Amino acid sequence: MPGLLRGVARTAAIAGTATAVSNRVSRRQAGRWAAQEAQQPAPTSAPPPPPAPAPAPTASAPTADDRIAQLTQLAALRDQGVLSPSEFEAEKARILAG
């Protein structure tokens, strides 16, 4: 029994440390992205043109697995800072509606 408790305690310590490190890295990266966005000058010209419309859906409706894969990719783009939260919500609504 003491060996089991020691193993559980060790696993908990390792998991806690990994979580703390992961959270710290995420916060540091978010801070770097925020600093980069703050350094970029505000656009002085007209807003960029709207994105091109999505291709017309094919005859078959997308399956649940296709939608899940698309939403997963969309979330990854949002987490990387490629998409803004409003762009993410708009694309998510388009995927779920289709």
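It should be noted that the structure appears before, not after, this text.
Counting restarts for each chain: residues are numbered from 1 in the order of the written sequence. A pLDDT threshold of at least 70 governs which residues receive local features in this predicted model, and a stricter bar of 80 or more applies before side-chain atom pairs are shown or counted, although totals over entire chains, interfaces and linings include all residues. Only hydrogens and water are set aside when side-chain values are computed; all heavy atoms of the structure are taken into account.

A. How the structure looks around a positive patch on the surface. A surface patch of like charges, here positive, comprises R24, R27, R28 and R32. Here R27 falls in the exposed class, since its relative accessible area comes to 58%. Exposure above 30% relative accessible area and the absence of a salt bridge qualify a residue for a patch, where like charges join within 9 Å and nonpolar side chains (Val, Leu, Ile, Met, Phe, Trp, Tyr) within 5 Å. Reported accessibility uses the Shrake-Rupley method at a 1.4 Å probe radius. Residues are deemed covered only where the shown protein chains occlude them. One speaks of a salt bridge when a side-chain nitrogen belonging to Lys or Arg is within 4 Å of a carboxyl oxygen belonging to Asp or Glu. Asp and Glu are treated as the negative residues and Lys and Arg as the positive ones, with His and the ends of the chain left uncounted. The atom standing in for a charge is NZ when the residue is Lys, CZ when it is Arg, CG when it is Asp and CD when it is Glu. Partly exposed residues are those whose accessible area sits between 20% and 50% of the maximum for their type, while under 20% is buried and over 50% is exposed, using a 1.4 Å probe and protein chains only.

B. Main features of the pattern of salt bridges. If you walk through the whole model with that rule in mind, you get three salt bridges. Among the salt bridges present, the one from E89 reaches K92, with a minimum N-O distance of 3.5 Å. Separated by three residues within a single helix, E89 and K92 lie in helix α3 (residues 85-97), roughly one turn from each other. Taking the relative accessible area as the measure of exposure, E89 reaches 42% and is therefore partly exposed. One salt bridge in this structure joins R94 and E91, with 3.0 Å as the shortest N-O distance. With a gap of three residues between them, R94 and E91 both fall in helix α3, about one helical turn apart. Assessed through its relative accessible area of 43%, R94 is described here as partly exposed. Numbering goes from the N terminus for both helices and strands, where a helix is a DSSP run of H or I of at least four residues and a strand is a run of E of at least two.

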